[in-house]
Amino acid sequence: MKPYFITLEGVEGAGKSTQMKRISGWLAAQGHTVVESREPGGTHISEMIRDVVLHGDHPEMSAHTELMLIFAARAQHVHELIRPALDAGKTVLCDRFTDASYAYQGGGRGIPERDIATLEQMAQGDLRPDLTLLLDLPAKEGLARADGRGSEDRFETESLAFLDRARRAYLARAAGDPSRYVVIDAARSVTRVWRDIQDALEQRLK
Ligand SMILES: Nc1ncnc2c1ncn2[C@@H]1O[C@H](COP(=O)(O)OP(=O)(O)O)[C@@H](O)[C@H]1O
Ligand SMILES: [Mg+2]
């Protein structure tokens, strides 16, 4: 069975974590051996970097420091987990990947796309997801949902304008490559969102 590299994207509160288990269950039922992971993180080193990026109390961190830390975490994740899993015939399902860097560090913080693309090439070579499910939700609704979840990270405390730029950057990327992305309207119920995700999986992973 052909292994796939599938990523889930969307602003805070869009429902990525909520839908992960359903997606991995569906993939397993199709006969895939599924490896679930997340970014930043996924390996020991990458999770330590995650902690610095998301949970440290350091407002002084520069946008470039943040970007390079996230790509350092990603380089290790690709090297240690994603590539070996795909090489072994496993399907990798990842909660966020490089599109999040284009959305948050690009759209959100204003780092030029070409700089992100340079790091992308360094960390991943030609590895790109086969399918990216973009759970699209207005930033305001996402924040309201995430508020109910408790424990804020450095991005959840960003301004609404920042998260709205991230959302728009995500949508622009999806519009630029419809063969890789499926945009899901995440403003509806968990069950309705799941139904659309399942339709997308059935259509795209033939
Ligand atoms: N479709 C939905 N409608 C309403 N609430 C949702 C929906 N999907 C998720 N939630 C809730 O919103 C919060 C954030 O969801 P979560 O899956 O953690 O988002 P993410 O991982 O994308 O940040 C959780 O409390 C979750 O139960
Ligand atoms: Mg989550």
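We now turn to the structure provided with this report. (Residues numbered from 1 in each chain as written. Chains lettered and ligands numbered in written order. Predicted model: local features only at pLDDT ≥ 70, side-chain atom pairs only at ≥ 80, totals over all residues.)

### Observations concerning the overall build of the chain
Counting its regular elements, the chain contains eight helices and five strands. Principal axes of the C-alpha set define a box for the chain whose edges measure 45 × 35 × 30 Å. Restricting to contacts in the chain with at least 6 residues of sequence separation, those with at least 24 account for 80%. (Helix = DSSP H or I, 4+ residues; strand = E, 2+ residues; numbered from the N terminus. Contact = placed C-beta atoms within 7 Å.)

### Description of the sheet that holds strand β1 (residues 5-9)
Spatial strand order, β2-β3-β1-β4-β5: five strands in an open sheet with parallel pairing. With one partner strand each, in any of the chains shown, β2 (34-38) and β5 (181-185) form the two edges of the open sheet. Each neighbouring strand pair of the sheet contributes to a mean axis angle of 20°, computed without reference to strand direction. One ladder, built from five bridges, connects β2 with strand β3 (residues 91-95); its direction is parallel. Paired with Val34 across the strands is Thr91, a residue of β3. Against the sheet, helix α1 (residues 16-29) touches β1, β2, β3 and β4 (131-136), its axis set at about 170° to β3. (Pairing = 2+ DSSP bridges. Axes fitted to C-alpha atoms, helices over the stretch in contact; angles between N-to-C directions.)

### A short note on the packing of helix α6 (residues 139-149) against helix α7 (residues 160-176)
Packing of α6 against α7 leaves a shortest axis separation of 9 Å and a crossing angle of 115°. Where α6 crosses over α7, the two elements pack in a sense that is right-handed. Counting all contacts with α6, which are made through Ala139, Lys140, Gly142 and Leu143, the residues of α7 involved are Leu160, Leu163, Asp164 and Arg167. (Left-handed = near helix turned anticlockwise from the far one by under 90°.)

### Remarks on the nonpolar core
Core analysis: the biggest nonpolar cluster contains 42 residues, and Ala103, Leu135, Ala166 and Ile184 have the highest contact counts within it. Take this core: its biggest share by element is six residues, from helix α3 (residues 63-87). Ignoring sequence-local partners within four residues, the contact set of Ala103 consists of Gly108, Ala166, Ala169 and Tyr170. (Core = buried A, V, L, I, M, F, W, Y, C linked by C-beta atoms within 7 Å. Buried ≥ 20, exposed ≤ 12 C-beta atoms within 10 Å, placed from the backbone.)

### Description of the site of ligand 1
Ligand 1 sits among 15 residues. The nearest are Gly15, Lys16, Ser17, Thr18 and Arg145. No other element matches the four residues that α6 contributes to the shell around ligand 1. Residues of the shell around ligand 1, tallied by class, amount to four nonpolar, seven polar and four charged. (Near = placed C-beta within 6 Å. Nonpolar A, V, L, I, M, F, W, Y, C, P; charged D, E, K, R; others polar.)

### Focus: unusual backbone geometry
Geometrically, the link from Glu39 to Pro40 is a cis peptide bond, its omega value of -15° lying close to zero. Residue position: Pro40 is located in the loop between β2 and α2 (44-55). For Arg96, which is not glycine, the phi torsion reads 80° and is therefore positive. Looking at the secondary structure, you find Arg96 in the loop between β3 and α4 (98-108).

### Topic: α6
Of the positions making up α6, those classed as buried are Ala139, Gly142 and Leu143. Relative to the axis of α6, the buried residues are bounded by an arc of 95° and lie together on one face. Residues Ala144 and Gly148 are exposed on α6 and point more than 90 degrees away from its buried face. Looking at the packing, one finds that the buried side of α6 touches α7. Positive phi appears at Gly150, one or two residues downstream of α6, with a value of about 80°. (Arc of directions from axis to C-beta.)

### So, the packing of α2 against α3
How two helices pack is summed up by the angle between their axes together with the distance between the axes. Close contact between α2 and α3 brings their axes to 8 Å; oriented N to C, the two are set at 160°. The angle between the axes of α2 and α3 places the two elements in the roughly antiparallel class. Considering how the two elements wind past one another, α2 and α3 form a crossing that is left-handed. Contact residues: α2 offers Ile45, Ser46, Ile49, Arg50, Val52 and Val53, while α3 offers Glu66, Leu69, Ile70, Ala72, Ala73, Gln76 and His77. The class makeup of the residues in the contact of α2 with α3 is eight nonpolar, three polar and two charged. (Parallel < 35°, antiparallel > 145°, perpendicular 65-115°, else oblique.)

### Examining the environment of Arg165
By the secondary structure assignment, Arg165 is in helix α7. Under the C-beta neighbour-count criterion, Arg165 is labelled buried, with 20 such atoms within 10 Å. Considering only alpha carbons, one finds Arg165 and Ile49, 116 residues apart in sequence, at a separation of 24 Å. The contact partners of Arg165, leaving out residues within four places of it in the chain, are Gly107 and Gly108.

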